[in-house]
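# Tertiary structure, described
Given next are the chains, with one letter for each unit.
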Amino acid sequence: MSGNEWDQIRHLLVIQDLRGRQTIPLHEAIYSLGRHRENSIVLRSRSVSRQHAILLRVTIPETDQYSFWIIDGNFTGRGSTNGLLVNGNKCFSHNLKHGDVIIFGDHQAQAKYYAVSNLSETEFFAFCEAEDLSDFLTKQAHPLNHFQTLIIDPDSEGANNTALARLASFPELIPNPIIEMDLKERVTYLNPAAFVEFPQLKEMGKQHPILIGLLSAVTHRQKNPFVREVQVGHKIFEQSVHFLPASNLIRTFIARDITEQKQAQTELQQRDRLLQAVAEVANYLLVEMNYEVAIDKALAVLGEAAKVDRVYVFNNHMHSATGEMAVSLQFEWTNINTGSSLHCWQNQSYQSVELERWYAVLSSGQSINGLTREFPPSERELLSRDGIKSLLLVPMRLEKEFWGYLGLADCSTERLWSKHEESTLLTMAASISGAWQRQQVEGKIRFQALHDLLTGLPNRLLFNELLEKALPNAARKQESLAVMFLDLDRFKVINDTLGHTLGDRLLQEVAQRLKNSLRGGDSVARWGGDEFTILLPRVNYLEEVSQVAQRILNALEDVFYLDGHELYVSASLGIALLDEHSYDTETLIQHADTALYYAKDEGRNNYQFYTNTLNIKSPELLTLEKSLRYALEKQELTVYYQPRVNIITKKITGMEALLRWQHPDMGLVAPSVFIPLAETNGLIIKIGEWVLRTACIQNKAWQKAGLAPLTIAVNLSPQQFHQPKLVETVAKILEQTGLDPKFLELEITETTAIEDLDFTRTVLHSFEQMGVHIAIDDFGTGHSSLSRLQLLPFHILKIDKSFIQELTKDVKVAHIVQAIVTLGRSLGLRLTAEGVEKQEELDFLASINCEDVQGFLFYRALSAEKATEILQIELLDRPD
């Protein structure tokens, strides 16, 4: 083998595609590679473009050797579809090195480049035909073998200079622009591709973007060659720059147009910012308790992420004047250089020509997206007020209801909104709608927690909050304030007579009149039942308070017309002023309540101010009266039972139901104390009905237990007896409890019976027809006579205990008792003596033929459990 043949470097390309493997010796100056059959080298794979790449031969300086460059794309400069990978890295061009692996699109078509020496022509062809090239090369590189593999270093400065020089020698073949400039920044050469891509380059010279800053970049270069990015118009190019010191020339090679890549990167960065914004907005809307603060934060995040000038939230509503559907700007974010337009977007009617199209589009679930100059003239004029050049609006819907819209506006550029920006805005609109719905629900829950559901007024909890806030304000402004406690007079009678439904409507009407009687800034709350509290947070003169109080009383004087009824109510008012005696929330309310009771004692339908010298009920009695209002619902009341005993047989013939109150703090409260209180405040009707029902239930329970049947006696208070629905109420309780009327005995006092004889006769005859027994209680303490009482259908006469206690002490009393028994028996009444505590009292009563007695001599009042035990014992003692 000759020396020249021995030193020669040989190049080959080993192709592996769907057709198999082929080894191609590289001798020509240029090759085209692609799927089309007219290519120099045909690659069989669908991932390969018709012309995928170009292979160029480049001379190595000062030698007769050469290397090869591979360039992505065809001769017109158009890149391949799936790109070019060399050693796993995507590139546009590459100076091939021994062992480089080239992939065309995907792994179905690839090649490996070899540059070898120390091979004869025969050996080279044997090398090309070898099945396993790696094995062949290994053998050639063995130390005992005189052959060697030569690796060219194409990164050397000389190699690169030659490569660029070689490329410049093929201007018609290279699809990429190539430009040459000297150190005086004069263009010395343009290839045809450069003329086509940059037609103004020759004219503009160094002012052309391709050349601007090029000399400075070369001067301050850290390596040679280097790559930089340049923008020409809307396009961005990757420019390879190589300084040739031997000729003082700067040669540039436009490797590729990276405009789409940069746009994709920008869009990807924008998408990442918007996705991050979506996450932040969702967090604000979920965590922030204050809805308005959350929306402000959300719009700021969205505006900064989208890089816009304005972000809007519009809310639909009825126009305040016309009642038409309108829209108002509820929230707005603007960047630092943009002024607010909040005031310009209030109560805008959708019927207007400017917004008519918006409503139609947005309410149908579609978006409004575009440049302002492309909008209809009326809309364009509307948007020009705020300098808007581009607008994107998306609807906000909640349960299929179009309630508003979310918008982005750009005032600096005519921006084309991407689909991703629109979808992101729709996502945020859904999040804001969800937050709005949650705020509405939470607001409703809070309203219900702080307001009375019947009247819509603040409840006692909110009233206390308002008062707590008003106290420091009054102190700071050196003003006073007033708290009023109002109680309706006679409301209980109306409520119990005409029913709770009408009573509720009356309370609603009263609440409205109270609100209308107050000054601006004053508050009224429903404290509970028929009680209201009123706060006057700013008071400078006592007359102001008196005027408001009198205005309230006057407002309630007018008749209430409800369902054909003409109703009249009045009110009692207690007033406490902020001073050294009433200095905080608790004492103000307590003192207003105290003054209220004083107003009631003064005859009702008036107002009274609290003073520390008021001649009022004792604090203990006031507390007791207040507690009694809630004793029934707190289950503090209970019914005891006192047996009635036959004098002759000593057997129990009946039970009398007696009310007891076990106060949690005061212990057992005497009936003589709390019964008059209940009569005074009207609670006796509700309590009395509960006692009647409880007693009937207990009597029925004894009967079901197999105990001896007996009557149960229940006292009716004067208020109970005179209520119009008494007979109906008793009948209903008997029906509900299943107790036979003959086992119920109703007791009324002598005074109650004679108050209205005609009314009493009617009611008692109704009870008689039902089968209920009637007893006259405490006989002898009133001013009646048996002759008058004989007109009424009584069955039992009960002698008051005040006579029994004097029976053995005063002969006159003994004669009176004997006369009562004699006359009662002559009228067919059964006689019962109350309060029998001594044996001599019992003996006297037996001697005058009194039939039954009650008193401590036999039994005290017993709990239901104890009374049951007594009845069970008596049942066992009875003979068969």
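So, a few notes on the structure that sits alongside this text. Residue numbering note: each chain is counted from 1, following its sequence as written. Local features in this predicted model are restricted to residues whose pLDDT is 70 or higher, and side-chain atom pairs enter the listing and the counts only when it is 80 or higher, whereas totals over whole chains, interfaces and linings include all residues. Calculation of side-chain values draws on the structure's entire complement of heavy atoms; hydrogens and water are dropped beforehand.

### Examining the packing of aromatic side chains
What counts here: Aromatic pairing here means that ring centres of Phe, Tyr or Trp (its six-membered ring) are within 6.5 Å. Orientation follows from the plane angle: under 30 degrees is stacked, over 60 is edge-to-face, and everything else is tilted. Secondary structure follows DSSP: runs of H or I at least 4 residues long count as helices, runs of E at least 2 residues long count as strands, and numbering of each begins at the N terminus. Think of it in three bands: residues with accessible area under 20% of the maximum for their type are buried, residues over 50% are exposed, and the middle band is partly exposed, with areas taken using a 1.4 Å probe on protein chains only. Whether a charge lies above a ring is judged from NZ of Lys or CZ of Arg, which has to be within 6 Å of the ring centre and within 35 degrees of the ring normal.
A full pass over the atoms with the stated rule returns 16 aromatic pairs. With a centroid separation of 6.5 Å and an interplanar angle of 50 degrees, the aromatic rings of Tyr31 and Phe68 are classed as tilted. Here Tyr31, found in strand β3 (residues 30-34), pairs with Phe68, found in strand β6 (residues 66-72); they are 37 residues apart in sequence, far enough to count as distant. Exposure remark for Phe68: the relative accessible area of 0% places this residue in the buried category. Seen in terms of ring centroids, Trp661 and Phe674 are 5.7 Å apart; in terms of plane orientation they differ by 85 degrees. Their pairing is edge-to-face. Residue Trp661 is found in strand β31 (residues 652-663), and its partner Phe674 is found in helix α19 (residues 671-681); the two are separated by 13 residues along the sequence. Accessibility classification places Trp661 together with Phe674 in one group, the buried group. Taking NZ or CZ as reference, Arg357 lies 5.5 Å from the ring centre of Phe375, over its face.

### Details of the sheet that holds strand β2 (residues 20-25)
We count it as follows: Strand pairing requires that DSSP identify at least two bridges connecting the strands.
Spatially, six strands are ordered β2-β1-β11-β10-β7-β8 in an open sheet, and the strand pairing comes out antiparallel. At either margin of the open sheet sits one strand with a lone partner, and together these are β2 and β8 (89-90). When strand β1 (residues 10-17) meets strand β11 (residues 110-116), the two strands line up antiparallel, connected through seven bridges. Considered in β11, the bridge of Gln16 is made with Gln110.

### Examining helix α20 (residues 684-704)
Because each turn of an α-helix spans 3.6 residues, side chains separated by three or four positions in sequence point in the same direction. Test applied: Expected span of a helix, by definition, is 1.5 Å for each gap between consecutive residues, and there is one gap fewer than residues.
Between the first and last C-alpha of α20 there are 30 Å, a value that for 21 residues agrees with the 30 Å anticipated at 1.5 Å per step. For α20, the full list of buried residues reads Ile684, Ile685, Ile687, Gly688, Val691, Leu692, Ala695, Cys696, Gln698, Asn699 and Trp702. In the segment just after α20, Gly706 is the residue with positive phi, at about 90 degrees.

### Considering the side chain of Arg415
This is how the line gets drawn: Any two residues whose heavy atoms approach within 4.5 Å are treated as being in contact.
Positionally, Arg415 belongs in the loop between β22 (401-410) and α12 (419-450). The class of Arg415 is buried, set by a relative accessible area of 14%. In this structure, Arg415 is in contact with Gln270, Ala306, Lys307, Val308, Leu371, Ser390, Asp410 and Glu421, ignoring residues within four places of it in sequence.

### Topic: the pattern of salt bridges
To keep things clear, this is the line we draw: In what follows, salt bridge is the name for a side-chain nitrogen of Lys or Arg lying within 4 Å of a carboxyl oxygen of Asp or Glu.
Counted under the stated rule, the structure contains 23 salt bridges. Note that Glu332 and Arg310 form a salt bridge whose closest N and O atoms lie 3.1 Å from each other. Of this pair, Glu332 sits in strand β18 (residues 325-334) while Arg310 sits in strand β17 (residues 310-318); the two residues are 22 residues apart in sequence, bridging distant segments of the chain. The pair formed by Glu332 and Arg310 is uniform in burial state, with each residue classed as buried. The partner of Asp852 in a salt bridge is Arg830, with the nearest N and O atoms 2.6 Å apart.

### Here's the deal with the packing of helix α15 (residues 500-517) against helix α16 (residues 542-557)
Counted only if it meets this: For helices, the fitted axis covers only the stretch in contact; all axes are lines through C-alpha atoms, and the angles between them, taken along N-to-C directions, range from 0 to 180 degrees. Each crossing is labelled by how the near helix is turned from the far one, with a counterclockwise turn of less than a right angle marking it left-handed and a clockwise turn marking it right-handed. Classification convention: Asp, Glu, Lys, Arg as charged; Ala, Val, Leu, Ile, Met, Phe, Trp, Tyr, Cys, Pro as nonpolar; all other residues, Gly among them, as polar.
Where α15 meets α16, the axes come as close as 9 Å, and the angle between the chain directions of the two elements is 145 degrees. For the pair α15 and α16, the sense of crossing is right-handed. Residues Val510, Arg513, Leu514 and Ser517 of α15 form the contact with α16, whose own contacting residues are Val548, Arg551, Ile552, Ala555 and Leu556. Across the contact of α15 with α16, the residue classes tally to six nonpolar, one polar and two charged.

### What about the sheet that holds β17?
Strands pair in a sheet through their backbones, by hydrogen bonds, and they do so in one of two ways: parallel or antiparallel. Taken in spatial order, the six strands line up as β19-β18-β17-β22-β21-β20 in an open sheet, and their pairing is antiparallel. The open sheet has two free edges, formed respectively by β19 (348-349) and β20 (368-371), since each of these has just one partner strand. Inspection of the sheet shows β17 paired to β18 by nine bridges, in the antiparallel sense. Bridge assignment links Tyr312 to a residue of β18, and that residue is Glu332. Packing of helix α9 (residues 291-306) onto the sheet brings it into contact with β17, β18 and β22, and relative to β18 it is tilted by some 65 degrees.

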